[in-house]
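Summary of the model geometry
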There are 2 protein chains.
Amino acid sequence: MGGPEIERLIALLSKLPGLGPRSARRATLALLKQPQSRMLPLAQALQHAADHVKICSECGNLDSSDPCVICSNPDRNDEQICIVETVGDLWALEKTSIFKGRYQVLGGSLSPLSGIGPEDLNITPLLHRLEKLEVKEIILALGATVDGVTTMHWLYDQLLPYGVKITRVSQGIPMGGSLEVMDEGTLTAAMTTRRSV
Amino acid sequence: MGGPEIERLIALLSKLPGLGPRSARRATLALLKQPQSRMLPLAQALQHAADHVKICSECGNLDSSDPCVICSNPDRNDEQICIVETVGDLWALEKTSIFKGRYQVLGGSLSPLSGIGPEDLNITPLLHRLEKLEVKEIILALGATVDGVTTMHWLYDQLLPYGVKITRVSQGIPMGGSLEVMDEGTLTAAMTTRRSV
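An unreviewed UniProt entry lists chain A under the name Recombination protein RecR, with Commensalibacter papalotli as the source organism. The UniProt entry for chain A carries the following text under Sequence similarities (unreviewed entry): "Belongs to the RecR family." UniProt, in the comment section headed Function (unreviewed entry), describes chain A in these words: "May play a role in DNA repair. It seems to be involved in an RecBC-independent recombinational process of DNA repair. It may act with RecF and RecO."

The following block contains the structure:
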């Protein structure tokens, strides 16, 4: 439609999660309309991020500084460590501002089918931190999936020797959800973990 | 969550049509996982497109060459010119490969409410082409909106003196659409322009 430069840009954008060929075309058009104010800044932001962002050696978060903004923040609570599967999970939790402790990003969950075993998960820095810091609680914030639950059981076994309190996030009806459309697993979990009002 | 570089990238991506803050976060994470193979190529493609893509002086398409690939293609039919509102419309039509003539991109449609008048629409190159080339048919491929129809009537008046055949794209039930969910305007158009089987 508009030469190899445009085709290439559409092809690259359409590989992003959430964008398909059609929305990549719309995005490309929107960018082409404002090359100076939108396209070049995005190019530079990508270049800059590719050059500077690295994995935090303490928790596994992605940031331009190592340790990351969370690990290097002295105001955060050293007594709580929240274990998440991915950096995306960490960012989603940070959006809520509900948790003020530290994180550990596993980099995935145990999945025999995908060939992901314990050696692929990033927990060594966590075990070092458990020896050093005065950690009082470890929160398992893993997905309510088969792999997430498997990982949770395995983590529990690994962490038990350290004598620290281990908790997990609740399962139940999500905000705005109606019972009618929920699956049986969610309803069972919501019923069995019910609390007094 | 991950420093100013990441925040800036998320902010820029979230302004693209089809992406919101949440999907921009997912896209940023996907890019950060592969800085060399995905992030830098995208940065370079954007930079390259911003440097090279321009508006075709003949039809108004966007391309790295002027005249664009369509205007400079000798195999295309000079006798038909298809008038579209936007470059996005042109690209959508090109995807179908149904049309082998030339295009004219208006750059919008007449819209008294948005203050877009005839002087804002790009039809001067079209009128020059009508004098020069042996144009036999002009196809009005404008949206079936109030502004699109207004523009179509205005264009008809402008083009009438040239004594060329003027057609417009059909209105009706879109492919896969069921009559039950169609609006009255579409049903009326589909009924009144019915054809024998």
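Comments concerning the interface of chain B and chain A
Across the boundary between the two partners, chain B contributes 53 residues, which contact 52 residues of chain A. Taken together, both faces of the contact between chain B and chain A bury some 4700 Å²; the carbon and sulfur share is 76%. The interface formed by chain B and chain A contains zero salt bridges. At the junction of chain B and chain A, the tally comes to six residue pairs in polar contact (both at pLDDT 80 or more).

With respect to the UniProt feature "zinc finger region: C4-type" (unreviewed entry) in chain A
As annotated in UniProt, the feature "zinc finger region: C4-type" (unreviewed entry) corresponds to residues 56-71 of chain A in the numbering used here. Helix makes up 0% of residues 56-71 of chain A and strand 12%, and the two end C-alpha atoms of the span are 8 Å apart.

A few points about the pattern of salt bridges
Charged atoms that come close allow side chains of opposite charge to pair. Following the criterion strictly, the structure yields six salt bridges over all chains and no others. Across the salt bridge formed by Arg76 of chain A and Glu94 of chain A, the nearest N and O atoms sit 3.0 Å from each other. Of this pair, Arg76 of chain A sits in the loop between strand 2 (62-63) and strand 3 (80-84) while Glu94 of chain A sits in helix 4 (residues 87-96), placing them 18 residues apart in sequence. The two residues Arg76 of chain A and Glu94 of chain A agree in class, both being buried. Taking the shortest distance from any N to any O, the salt bridge between Glu79 of chain B and Lys136 of chain B comes out at 3.1 Å. Of this pair, Glu79 of chain B sits in the loop between strand 2 (62-63) and strand 3 (80-84) while Lys136 of chain B sits in the loop between helix 5 (124-132) and strand 5 (137-140), and the two are 57 residues apart along the sequence. Take Glu79 of chain B: its relative accessible area is 31%, and that puts it in the partly exposed class.

Cut-offs and rules
- Residues numbered from 1 in each chain as written.
- Chains lettered and ligands numbered in written order.
- Predicted model: local features only at pLDDT ≥ 70, side-chain atom pairs only at ≥ 80, totals over all residues.
- Heavy atoms only, no water.
- UniProt positions renumbered as here; feature names shortened; annotations may be inferred.
- Contact = heavy atoms within 4.5 Å.
- Buried area = accessible area lost by both parts, 1.4 Å probe.
- Salt bridge = Lys/Arg side-chain N within 4 Å of Asp/Glu carboxyl O.
- Polar contact = N/O pair within 3.5 Å; in protein donor to acceptor, adjacent residues only side chain to side chain.
- Helix = DSSP H or I, 4+ residues; strand = E, 2+ residues; numbered from the N terminus.
- Buried < 20%, exposed > 50% of the residue type's maximum accessible area, 1.4 Å probe, protein only.

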